[in-house]
Amino acid sequence: MNCFRHTVRHASALRAALMLGAALPILASAPQVVHAQDYTNVAASGRVTDEDGKAIAGATVSITSSDRGVVRSAVTSDTGAYSIPQLAPGSYDFTVTAEGYAPYKEAGVSLVRSTGAANSFTLLPANAGDAIIVRGSRIRVADFEDATTGATIDLGEIDQRVPIARSLQDVVLMSPGTVRGSSGANGGFADQVAISGASFIENAYYVNGLNITNFRMGLQPVEVPYDFYQTVEVKTGGMPAEFGRATGGVVNAVTKSGSNDFHASILGTWEPDGLRSTSPATYNTNYEGVEQKRHEIAMQGSGPIIRDHLFVYGLYTIRKFETFTPDEDQDHATRVENDSPFWGVKVDGYITDDHHLEFTYFDTTNETRTRDLNYDRATGEVGAETGGTNARGGGQNYVARYTGTFTPWLTVSAAYGVNKLRDGTLPLDINNERVLDYRDSDSGIDIGLNKVTDAYGYTTDEREFYRGDVDINFELAGSHHVRLGYDHETDTSEQIHQTMGAGFYKIWRAGEGDAARLGIAEGTEYYTTRVYRNNGISTVKNEAFYLEDDWSLLDDRLRLQLGVRNDRFSNQGVNGESYYKSGNQWAPRVGASYDLFGDGRTKLYGFYGKYYLPLAGDINLNVMGGRVTYTRYNLLNGLDPAKNTPLPGEAILGADGFSACPDTGIANCEVQADGSAADPSGAIAHNLSPQSSSEFILGAEHRFSNRIRIGAYFTHRKLDNVIEDLTVDFGARAYCVAQGFSEADCTAAYPGGSNWVIANPGRDITVRINPLPDGSTPTVTLAADDLLYDKPKRNYNAVTLTFDREFDGKWGIAASYTWAMDKGNYEGGVRSENGQLAVNRVSDFDSPGFQNGSYGYLPNDRRHTFKAYGSYRPFDFLDLGVNALVQSPRSYSCIGTVPAEVDPYAHGYHGYSYYCNGELVPRGTAFKGDWLYQFDVSAVARLPFDGLDASVRLDVFNLFNSKSVTAYNEFGQLGNDAPNSNYRQPEAYQTPRYVRLQFRLGF
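Named according to an unreviewed UniProt entry, the chain is TonB-dependent Receptor Plug Domain originating from Sphingopyxis indica. Comment text from UniProt for the chain, heading Sequence similarities (unreviewed entry), reads "Belongs to the TonB-dependent receptor family."

Enquirer: Explanation requested: the sheet that holds strand β1 (residues 42-50) in the structure shown.
Expert: Two pairing modes exist for strands in a sheet, parallel and antiparallel, and in both the strands are linked by backbone hydrogen bonds. One open sheet holds the four strands; their spatial order is β4-β1-β7-β8, and the pairing between them is mixed. Since the sheet does not close on itself, it has two edges, and those belong to β4 (81-87) and β8 (137-140), each with one partner. Across the sheet, the axes of successive neighbouring strands diverge by a mean angle of 20°, strand direction being ignored. Two strands pair when backbone bridges link them, and β1 and strand β7 (residues 119-123) are joined in this way by three bridges, in the parallel orientation. Note that in β7 the partner of T49 across the bridge is T122.

Enquirer: When you look at the state of the cysteines in this model, what are you seeing that I'm missing?
Expert: For the coordinates displayed, the defined rule picks out three disulfides. One disulfide bridge connects C661 with C669, the sulfur atoms lying 1.9 Å from each other. On the sign convention where negative is left-handed, the bridge of C661 and C669, at about 95° about the S-S bond, is right-handed. Like C661, the residue C669 is buried in the burial classification. One disulfide bridge connects C894 with C916, the sulfur atoms lying 1.8 Å from each other. Separated by 22 residues along the polypeptide, C894 in the loop between β51 (891-892) and α10 (904-907) and C916 in strand β52 (residues 915-916) bring together distant segments of the chain. For C916, a relative accessible area of 8% puts it in the buried group.

Enquirer: So what exactly am I meant to see when it comes to unusual backbone geometry here?
Expert: Negative phi values dominate among residues other than glycine, just as trans dominates among peptide bonds. Although it is not a glycine, D556 adopts a positive phi angle of roughly 70°. Here D556 is to be found in the loop between β32 (536-553) and β33 (558-572). Judged by its relative accessible area of 10%, D556 falls in the buried class. For N961, which is not glycine, the phi dihedral falls at a positive 55°.

Enquirer: Whenever I open this one, the UniProt feature "domain: TonB-dependent receptor plug" (unreviewed entry) in the chain confuses me. Can you help?
Expert: The UniProt record marks residues 154-250 with the feature "domain: TonB-dependent receptor plug" (unreviewed entry), using the residue numbering of this structure. Taken end to end, residues 154-250 is 9% helix and 23% strand, and its first and last C-alpha atoms sit 16 Å apart.

What counts, and at which threshold
The residue count restarts for each chain, going from 1 along the sequence in the order it is written. Given that the model is predicted, a residue must reach a pLDDT of at least 70 before its local features are reported, and side-chain atom pairs must reach 80 or more before they are shown or counted; all residues, however, enter totals for whole chains, interfaces and linings. Side-chain numbers come from the whole structure's heavy atoms, not from hydrogens or water. UniProt positions are given in the numbering used here, feature names are shortened, and annotations may be inferred rather than shown by experiment. In this scheme, strands are said to pair when DSSP sees at least two bridges between them. By definition, any uninterrupted DSSP run of H or I lasting at least four residues is a helix, any uninterrupted run of E lasting at least two residues is a strand, and each is numbered from the N terminus. Under this scheme, a helix contributes an axis fitted over its contacting stretch, all axes are lines through C-alpha atoms, and angles between N-to-C directions fall in the 0 to 180 degree range. When the sulfur atoms of two cysteines come within 2.5 Å, that pair is taken as a disulfide. Note on exposure labels: buried denotes an accessible area under 20% of the residue type's maximum, exposed denotes more than 50%, and partly exposed covers the range between, all computed with a 1.4 Å probe on protein chains only.

The following block contains the structure:
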């Protein structure tokens, strides 16, 4: 429209200022270029035929990078097929020539992960007529290279048109087969993503080939600057053999890079609190009083250092996040702030067109400050700070890569990199204890000087890796693309974690259940003191070999992917010695795809694969370290007037499961670990195998045109093996009796909860057991049937339908529907129902009583999920975008105490089971949650600044301000076995409606 067409003065001056501002973070460092591997690259492939569909052998397909000038070429085989491996994603100019045929040329063909790099060409005879300017044609065909499911999101492109919250998690959740974590007992689970029915700790994350997965806990990886991403590929199934160390999904991201053109931009982001709605209050959090705002400025610059040979891209982000959250049940509030900057740089160098060097560096070291405040609920007045914490996050990361094509049939790549992640919470006050008073509140009231946290700790994790890969192409009974490689990583974790002061206090008034258990009168006031300490340094070492042959048969209509991967894992305790070595773990990865009609548009495909997960680094310190953890019981003798901490009364003695406290020797403690270093022969099963799962996929895809495709696929996944800590008392007792000892003596030796082992539940266990009645400690094999544990089960079945219409300058959309069922008795290393994040040490197999009722719908089960995102351009200057999610509810449980007559040892946990107030309530049958409806919209208006790319943007998230509950309280009983009045109460709601404003200026 004419009203938008006028000239802005001093455009060249603005361009210079933008270039200077964006170049500052680049010039501030001088990164070196070293070596790499090819997780980021694509392979151009397809066929060349004549107008009758007959293959043209010996045709030359030459491609030139539109923005870097790099030239690569290939000659077609007897079937007319061509393949050019190890290409950096981007736009390429194609020239196809063959003797007797008119040449075909086309510029700006996109070869990227999101839309694929498979294109076929039809050439016309050379005598077709001089009037023909562009001879022949090109069609985009289905990608027959693999059977991978999921989505590839070209973030650098769609982020300009579609509303997306600025986090990796929200990008991953756009893919079918992914769900957001949820736990009423642990709000941090909502920051995680579960893929294909697995738990969120089973995923692997890569950036430019660098594994950034949290190897210690399996949580979200080290943060990467959002604007650094170019594409994010979410592999939900059908992983090729080069991908491993995950039984969930793989998230493989590629960052932005420089080119022959200079570009610079400044992007300002503002999320004002005044335009943010609120969620309803819960029983303990006043969400209606929450204040939240965000400011961010991202400066980017890129261009050539040496034209056609050396390129650089740089990013520097200034940001500030602030939240204020008042409590609902006490005069207390929390303020959270983070203003740490992020920055990153990517350097690409081409020695020749066939030899590519890359170097990526990003630093997301940051600190989140949480402050504890006095707050008057009646007046809304904010008082003085009473404490707080500083949480560490992020880290410095880099990867260097080399890719070299030595002949048309041989390509070699290598990589080296370091991934660092800082973690942990450091309180301002590490001396005063936290005190929770449960006498008049089922959720506990903070009454001590420290109202923030009961423990402090920090962890510094570092992964060092190297790898090498080889690609070989040859003809033998068809065309072969063989890929093989090796990678090795050493993961080191240094940890300090312990309770503050004398421990974590909880004050109780005895009800009927705990009064009977503890031998005290109902109404008696008592308190517990939890003490925890776990410090040390440990390592994990993982390595893998893989081999995969992509074999093309039947004139390229049938493609077989014949792959195998061999993983080897080892863990070292604080003494540096390996206590676990997995040995060779062979994983087949076999796929097939068939061109149904021979036109490259309709693909039928199938896949079978097996995946292995390394033993979490968290086990090193928690099992093979010097961990101390116990809970002390005392009568309450009043409160210290200065600190509001309990004054000790008499020790409570004689309760089942009590033993001598490690510090006092008085038998009023429940002791889980006393600091003694574990003997691996008695703590780790000698026949321990890693967690594994198997997958089967059957699907079809049809491409209607260069821009439109539909797909459908079925996925079946099942757990084959898991690792958990469990008690083997029942199995040891059966062995004891079989050796001729009396039932009474064997029960006394193995009463339940005395003999702990890291093992594979549901299988025979070989381990050195605790002393028999005669004092001997033999190494024996305990039969699975004697241990009384069910075999772990998790069966995920899903049908996914997809529709993709590539944006053509006017409109585009990507939509999916997934019907899924996730059912079993094991979620996968964590437990959402009670918020347990004790990786591979959850309560599921702590005693047989916890197995009762455990089979059912798992927390990541969502029967129906609709996802869609896209944009529409009604005018040249305006883009309208939408991002929608409709999802069926989660199935909830009722968590309570195992009756003493069912399992006396499990009863002592006073929770964690599917017994609820004495009744067995099978998993996932207690109640249903809410349907989730989320509709986000955006409008981007481009401004008519000549010579500049300028725009203003408005995003509205949760347009209709839906208030679905995303997490409920699932505890039917309190820790003292009394009914929980907060059971089935909302713990969290979906993010309320908020507005994001952005202004972009660039060239």
